Amino acid sequence: MQAKEIGSGNSSRVPPIEIGDKDEYRYISTVETSKALELYGYGPKKRFVDALYISPDNSKAVGVLRVTEEHCVDHFVGNPVFRGVDELEAIAQTLLLLKHFSGEIGEGYTPRLEKSTVFPKWPVIPPVDVNIVVAKLGDGSFGGYGRILCGETVVVEGIVAGSLLSKELGGRIISRRKRNQDNSPSLFSVKE
């Protein structure tokens, strides 16, 4: 099978991803994928990868997500559309799973998303299965880029960057932020 390049058109904002022979990819089941996402704190309603395929060299992965109306509740009532922020989250989760199943995240560490960008092209309307194609950055950082495909159509592109923190440090950051938030009155409030 010939290598297929995803996202090589002129309107692409991220580099193309050559996926190669899909038959050589390692399959990670829904059960394994769900357990890994739970390990990083994702509850059932916030998991946006149902299964995963990893390239032989562990540089790329393809997540599979069955987008249902439940994923799109209250986002354009009557004409549900998958949220752009959830599309970006699907790209980030696919990258996280690639790093996890490639053995790049040590026990006791958790990822921290530091910046991300999403470039929507077409709406994703349920029900549909999408493929989330991601590639790691070659510099060893916790970053990457990806695309979500409906068939062969690129519907969104995204770039994510982050770092790994010990879970203990991550917990301290969240606790400190909560204290700061509790002591920061809102400039505007909801009137009763």
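Computed from a predicted model, the values in this text were never measured in an experiment.

Trainee: Residue-level account of the packing of helix 1 (residues 30-39) against helix 2 (residues 84-101), with values.
Mentor: Working note: a packed helix pair is described by the angle between its axes plus the distance between those axes. Direction vectors running N to C along helix 1 and helix 2 enclose 100 degrees, while the axes themselves pass 10 Å from each other. With respect to their mutual orientation, helix 1 and helix 2 come out roughly perpendicular. In contact with Glu 32, Thr 33, Ala 36, Leu 37 and Leu 39 of helix 1, helix 2 contributes Gln 93, Leu 96, Leu 97, His 100 and Phe 101. Of the residues belonging to the contact of helix 1 with helix 2, the class tally is six nonpolar, three polar and one charged.

Trainee: Please give an account of the pattern of salt bridges that cites residues and values.
Mentor: All told, the structure shown has nine salt bridges when counted by the stated rule. The partner of Lys 99 in a salt bridge is Glu 104, with the nearest N and O atoms 3.2 Å apart. Look at Glu 104 and you get partly exposed, because its relative accessible area is 34%. Among the ionic pairs, Glu 157 bridges to Lys 121, the shortest N-O distance being 4.0 Å. Taken together, the residues Glu 157 in strand 9 (residues 153-166) and Lys 121 in the loop between strand 6 (109-120) and strand 7 (128-136) connect sequence positions 36 residues apart. Look at Glu 157 and you get buried, because its relative accessible area is 1%.

Rules and cut-offs
- Residues numbered from 1 in each chain as written.
- Predicted model: local features only at pLDDT ≥ 70, side-chain atom pairs only at ≥ 80, totals over all residues.
- Heavy atoms only, no water.
- Axes fitted to C-alpha atoms, helices over the stretch in contact; angles between N-to-C directions.
- Helix = DSSP H or I, 4+ residues; strand = E, 2+ residues; numbered from the N terminus.
- Parallel < 35°, antiparallel > 145°, perpendicular 65-115°, else oblique.
- Contact = heavy atoms within 4.5 Å.
- Nonpolar A, V, L, I, M, F, W, Y, C, P; charged D, E, K, R; others polar.
- Salt bridge = Lys/Arg side-chain N within 4 Å of Asp/Glu carboxyl O.
- Buried < 20%, exposed > 50% of the residue type's maximum accessible area, 1.4 Å probe, protein only.

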